[in-house]
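This is what each chain is made of:
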Amino acid sequence: MPIVTIDMETHYSSDYSLSKLREADYLLDPRFEVICCAVKQDHAPTQAYVGQAEVARALGRIDWPRTCVLAHNVRFDGSILAWRFGHVPAMYLDTLSMARALTHATVGRSSLAAVASYLGLGQKGDAVVHALGKRLADFSPNDLAAYVQYCINDTDLCRAIFDRFVPRFPKSELRLVDLVARMYVHPQARLCAPRLRAHRSVVRVEKAGVMARVAHIDKAVFSSSIKFAALLGKHGVEVPTKVSPATGLVIPALAKGDRAFKELCDDPGQTLEVQALLAARVGSKSTIEETRTDAVLALALRPWPPAVGGGDQALLPVPLKFFGAHTGRLSGDGGYNFQNLQRGSAIKRAIHAPPGMRIVHHDASQIEARMVAWLAGCRTLL
């Protein structure tokens, strides 16, 4: 099956970018504009197209149902392809996902620039930095030519990375990369906005009561890792620990940058009182339950274009990272993690199956420990 590698360069500004907005909000915003798109059909010379109309014509000439699309972060480019141009390929391929599995542990990053440099394939360039705030009409001919060349180079690097990766990448995992991309690009589940609104109201009332109960605690407790660990312990929380690089002693892992602490803050299984304590520790005004409900409700109220389903359907795009955790499992992304919704939670009950289908809940209990035991041949632990 032919592989078409694509790279889209789009308008962004200081207040309109992926660092300011969630991905779906950015892609479906009225300010969205495609500046240029590079297209590489198999190993043929890469062609670039400028402007929405020219890009639409070029993409329309490709037989997508019989073609694989490849990109570095195919969720982004694939969403533009589907949501803005109405094209659905036979399969999604993603060098970003492949890099997380193959080179991230060594390189420490999986960006196109980092991977291309590590593999000795060339440099990415920095023309995108000079495109800040510019719409297509704002580019001078020279600047536009440089930006187009930058887009072509990204596309060539992406295909070169794929060619280096694919002999080492199991075909079964390529299928999983495709499925993960489709969970976002082609949302199937629906959201019930009224149920989410009602839940948010309940959470806010409960949070106000809990916040009042923790307000009397001395602020020094929240600024001291030792004192805060003791407080969490009184509430039945298993406090994460780490080895201090300064002393070599085991200390509480309760700094804002500690991964274990972040996971604790994102754990919906904690009581609302514990969530309030954690929120006070990080200086947040919201608990995880309120933040999650707000985020999912925003999705439920998001209007979708006809290419995605359109109308008044409240669709649920599910952003997950292939090989997002160092153990190889999927991880949440984009401010969401639909893998760890509490059983019976109001948010879970607000997720509905499409007409004629039903959602079946499966919990892969202790899956990482079980898989490691199986790989290690440790039958006793199994």
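Structure first, text after, so check above.
Residues numbered from 1 in each chain as written. Predicted model: local features only at pLDDT ≥ 70, side-chain atom pairs only at ≥ 80, totals over all residues. Heavy atoms only, no water.

A. Quick peek at the sheet that holds strand β2 (residues 34-41). Overall, mixed pairing links the five strands, which are arranged β3-β2-β1-β4-β5 in an open sheet. Each of the sheet's edge strands pairs with one partner strand only, and the pair in question is β3 (47-50) and β5 (91-94). Taken pair by pair, the neighbouring strands of this sheet meet at an average axis angle of 25°, ignoring direction. Across three bridges, the pairing between strand β1 (residues 3-10) and strand β4 (residues 68-71) is parallel. Residue pairing for β4: T5 is matched across the bridge by L70. Across the sheet, helix α4 (residues 95-102) touches β4 and β5, and the angle it forms with β5 is around 50°. (Pairing = 2+ DSSP bridges. Helix = DSSP H or I, 4+ residues; strand = E, 2+ residues; numbered from the N terminus. Axes fitted to C-alpha atoms, helices over the stretch in contact; angles between N-to-C directions. Contact = heavy atoms within 4.5 Å.)

B. Structural context of the nonpolar core. Core analysis: the largest hydrophobic core is formed by 41 residues, its most contacted members being L191, L316 and F338. Ranked by size, the runner-up nonpolar core spans 34 residues in total, among them I6, Y26, V74 and W83. (Core = buried A, V, L, I, M, F, W, Y, C linked by side-chain atoms within 4.5 Å. Buried < 20%, exposed > 50% of the residue type's maximum accessible area, 1.4 Å probe, protein only.)

C. Local environment of the packing of aromatic side chains. In total, this model carries 11 aromatic pairs according to the counting rule given. Ring geometry for Y147 versus Y150: centroids 5.9 Å apart, planes at 15°, classification stacked. Placement of both Y147 and Y150 in helix α7 (residues 141-165) is noted, with a separation of three residues, approximately one turn of the helix. Counting every residue linked through ring pairs, the aromatic cluster contains Y16, Y26, F32 and F76. Above the face of the Y336 ring, R22 is positioned so that its terminal group lies 4.5 Å from the ring centre. Directly above the aromatic system of Y184 lies the positively charged group of R75, at a separation of 5.1 Å from the ring centroid. (Phe/Tyr/Trp six-rings, centres within 6.5 Å; stacked < 30°, edge-to-face > 60°. Lys NZ or Arg CZ within 6 Å of the ring centre and 35° of its normal.)

D. Structural context of a nonpolar patch on the surface. There is a patch of nonpolar side chains on the surface, built from I367, M371, W374, L375 and L382 and spanning about 550 Å² of accessible area. By secondary structure assignment, the location of I367 is in helix α16 (residues 367-376). (Patch = residues over 30% accessible without salt bridge, like charges linked within 9 Å, V, L, I, M, F, W, Y side chains within 5 Å. Areas by Shrake-Rupley, 256 points an atom, 1.4 Å probe, with all protein chains shown as cover. Salt bridge = Lys/Arg side-chain N within 4 Å of Asp/Glu carboxyl O.)

E. A look at the pattern of salt bridges. One pass over the structure, following the stated rule, counts 20 salt bridges. Via salt bridges that share partners, R200, R204, K207, E290 and D294 belong to a single interconnected network.

F. Spatial organisation of the environment of H186. Looking at the element boundaries, H186 is found in the loop between α8 (171-185) and β6 (190-191). Put simply, H186 and S331 are 145 residues apart on the chain and 19 Å apart in space, counted from C-alpha to C-alpha. In contact with H186, other than residues within four places in its own chain, are A82, V88 and Y92. A polar contact of 2.7 Å, which involves the side chain of H186, links it to the side chain of Y92. (Polar contact = N/O pair within 3.5 Å; in protein donor to acceptor, adjacent residues only side chain to side chain.)

G. Inspection of α8 at higher detail. The terminal C-alpha atoms of α8, which comprises 15 residues, lie 21 Å apart, in line with the 21 Å expected from a rise of 1.5 Å per residue. Those residues of α8 that sit buried are L174, V177, D178, V180, A181, Y184 and V185. Along α8, the residues classed as buried sweep out an arc of 160° about the axis, all on the same side. Its buried side turned inward, α8 meets α1 (23-27), α3 (74-84), β5, α4 and β9 (320-321). (Expected span 1.5 Å × (residues − 1). Arc of directions from axis to C-beta.)

H. Seen up close, the pairing of β3. By the bridge criterion, four bridges tie β2 to β3 in an arrangement that is antiparallel. In the strand pairing of β3, A38 is matched with A48. Here β2 hands over to β3 after five residues, with D42 in that stretch at a positive phi of 50°.

I. Looking closely at the packing of α3 against α8. Two elements in contact, α3 and α8, have axes separated by 10 Å at closest approach and are oriented at 50°. Taken together, the axes of α3 and α8 are oblique relative to one another. In this structure, α3 meets α8 at a crossing whose hand is right-handed. Contacts between α3 and α8 involve V74, R75, G78, S79, A82 and W83 from the former and A181, Y184 and V185 from the latter. Residue composition of the contact of α3 with α8, grouped by class: six nonpolar, two polar and one charged. (Parallel < 35°, antiparallel > 145°, perpendicular 65-115°, else oblique. Left-handed = near helix turned anticlockwise from the far one by under 90°. Nonpolar A, V, L, I, M, F, W, Y, C, P; charged D, E, K, R; others polar.)

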